[in-house]
Amino acid sequence: MADTRMPHNDELLTPGEVAAMFRVTPKTVTRWAEAGKLPVVRTLGGHRRFPAAAVRRARAELEVGSTS
């Protein structure tokens, strides 16, 4: 699992919010995080949160790749 350090001013998204952006299930987002496809941060309670900027970049790359 790729836990990353990030600036404190970056918005964090829940797996459900990321899932809605990609139109997949939250379980799929969890699998992507475990595979290192999305950077993930763990809260003190052990929950996964995703840096919004990184998720937006991943989504933009996916959209560019699908139009080629």
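Residues numbered from 1 in each chain as written. Predicted model: local features only at pLDDT ≥ 70, side-chain atom pairs only at ≥ 80, totals over all residues. Heavy atoms only, no water.

### Some remarks on the overall build of the protein chain
Now for step 1: From N to C terminus, the protein chain includes three helices and three strands.
Now for step 2: Roughly 4700 Å² of accessible area belongs to the protein chain as shown, and the carbon and sulfur atoms make up 53% of that amount. (Helix = DSSP H or I, 4+ residues; strand = E, 2+ residues; numbered from the N terminus. Areas by Shrake-Rupley, 256 points an atom, 1.4 Å probe, with all protein chains shown as cover.)

### Examining the sheet that holds strand S1 (residues 12-13)
Now for step 1: Reading across from one edge, S1-S3-S2 is the order of the three strands in this open sheet, with antiparallel pairing throughout. The strands lining the two open edges of the sheet, one partner per strand, are S1 and strand S2 (41-42).
Now for step 2: Sheet analysis places S1 next to strand S3 (residues 48-51), joined by two bridges and oriented antiparallel. When the sheet's bridge partners are listed, Leu-13 is paired in S3 with Phe-50. (Pairing = 2+ DSSP bridges.)

### Notes on the pattern of salt bridges
Now for step 1: Enumeration according to the criterion identifies three salt bridges in this entry.
Now for step 2: Among the ionic pairs, Arg-56 bridges to Glu-11, the shortest N-O distance being 3.4 Å. Of this pair, Arg-56 sits in helix H3 (residues 52-67) while Glu-11 sits in the segment before S1, and the two are 45 residues apart along the sequence.
Now for step 3: A salt bridge links Arg-48 to Glu-34, with the nearest nitrogen and oxygen atoms 3.2 Å apart. (Salt bridge = Lys/Arg side-chain N within 4 Å of Asp/Glu carboxyl O.)

### A word on the environment of Ala-53
Now for step 1: Within the secondary structure, Ala-53 sits in helix H3.
Now for step 2: Classification of Ala-53 by relative accessible area gives partly exposed; the value is 29%.
Now for step 3: Sequence-wise, Ala-53 and Leu-13 are 40 residues apart; in three dimensions their C-alpha atoms are separated by 9.8 Å. (Buried < 20%, exposed > 50% of the residue type's maximum accessible area, 1.4 Å probe, protein only.)

### So, the nonpolar core
Now for step 1: Residues Leu-13, Val-18, Ala-19, Phe-22, Val-29, Ala-33, Leu-38, Val-40, Phe-50, Ala-52 and Val-55 constitute the largest nonpolar core, which totals eleven residues.
Now for step 2: It is helix H1 (residues 15-22) that provides the largest number of residues to this core, a total of three residues.
Now for step 3: Residues within four places of Leu-38 in sequence aside, it is in contact with Val-18, Val-29, Trp-32, Ala-33, Phe-50 and Ala-58. (Core = buried A, V, L, I, M, F, W, Y, C linked by side-chain atoms within 4.5 Å. Contact = heavy atoms within 4.5 Å.)

### Remarks on H1
Now for step 1: Taken as a whole, H1 has its buried residues at Pro-15, Val-18, Ala-19 and Phe-22. Take H1 and look down its axis: the buried residues cluster within an arc of 105 degrees, on one side only.
Now for step 2: One or two steps after H1, the chain reaches Arg-23, where phi turns positive at roughly 60 degrees. (Arc of directions from axis to C-beta.)

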